[in-house]
Amino acid sequence: QVQLVESGGGLVQPGDSLRLSCAAFKFTLDDNAIGWFRQAPGKEREGVACITRRTGDTYYLDSVKGRFTISRDNAKNTMYLQMNSLKPEDTAVYYCAAGIDRWRRRACDGMDYWGKGTLVTVSS
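Residues numbered from 1 in each chain as written. Predicted model: local features only at pLDDT ≥ 70, side-chain atom pairs only at ≥ 80, totals over all residues. Heavy atoms only, no water.

**Points about the nonpolar core**
Generally speaking, soluble globular proteins have nonpolar side chains that are buried together.
At step 1: Ranked by size, the top nonpolar core spans 29 residues in total, and within it Ile70, Leu81, Met83 and Tyr94 carry the most contacts.
At step 2: Contributing elements (two or more residues each) for this core: strand E3 (18-25), strand E4 (32-39), strand E5 (46-51), strand E7 (68-73), strand E8 (78-83), strand E9 (92-100) and strand E11 (118-122).
At step 3: Not counting residues up to four positions away in its chain, the partners in contact with Met83 are Asp16, Ser17, Leu18, Leu20, Arg67, Phe68, Tyr94 and Val120. (Core = buried A, V, L, I, M, F, W, Y, C linked by side-chain atoms within 4.5 Å. Buried < 20%, exposed > 50% of the residue type's maximum accessible area, 1.4 Å probe, protein only. Helix = DSSP H or I, 4+ residues; strand = E, 2+ residues; numbered from the N terminus. Contact = heavy atoms within 4.5 Å.)

**Observations concerning the sheet that holds E7**
What links the strands of a sheet is backbone hydrogen bonding, and the strands pair in either a parallel or an antiparallel sense.
At step 1: Taken in spatial order, the four strands line up as E1-E3-E8-E7 in an open sheet, and their pairing is antiparallel. The open sheet is flanked by strand E1 (3-7) and E7, the only strands paired with a single partner. Neighbour-to-neighbour, the strand axes of the sheet open up by a mean angle of 15°, direction not taken into account.
At step 2: Across six bridges, E3 lies against E8 in antiparallel orientation. (Pairing = 2+ DSSP bridges. Axes fitted to C-alpha atoms, helices over the stretch in contact; angles between N-to-C directions.)

**Focus: unusual backbone geometry**
At step 1: Located in the positive-phi region is Lys26, a residue other than glycine, with phi close to 70°.
At step 2: Assignment of secondary structure puts Lys26 in the loop between E3 and E4.
At step 3: Judged by relative accessible area, Lys26 falls into the exposed class, the value being 68%.

**A look at the pairing of E9**
At step 1: Taken across its nine residues, E9 has seven buried, putting it largely inside the fold.
At step 2: Strand direction decides the pairing type here: E4 and E9, joined by eight bridges, are antiparallel. Bridge assignment links Gly35 to a residue of E9, and that residue is Ala97.
At step 3: In terms of strand pairing, E9 meets E11 through three bridges, oriented antiparallel. The partner of Val93 across the bridge, within E11, is Leu119.
At step 4: With two bridges joining them, E9 and strand E10 (residues 113-114) adopt antiparallel strand pairing. Bridge pairing in E10 links Ala97 to Trp114.

Structure (structure tokens):
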């Protein structure tokens, strides 16, 4: 079955770094758009960082620009989110996602496959 599995979440202090990983099974990430999303308690899910396949367009949520980096290792069929200078407002469940190759107006649009999430808590 098509599956995405996140790992790497945890409890960290403000200013710390984390790297989230997302392994893909039964499909190839390089054939898809990819993205990381997050959902804080009581809030809507939002796109954090995404990359289209067709153009390589990238998107970063304004609040994470310069701090987070999305990447993909095709040999490992794994995607990553490097998070630096973490802030309490980054606390959320983080989800990786992939989308069937198509034209997208925005890089985070229309994802088809989702992981179950990994919790990141930033607190002193």
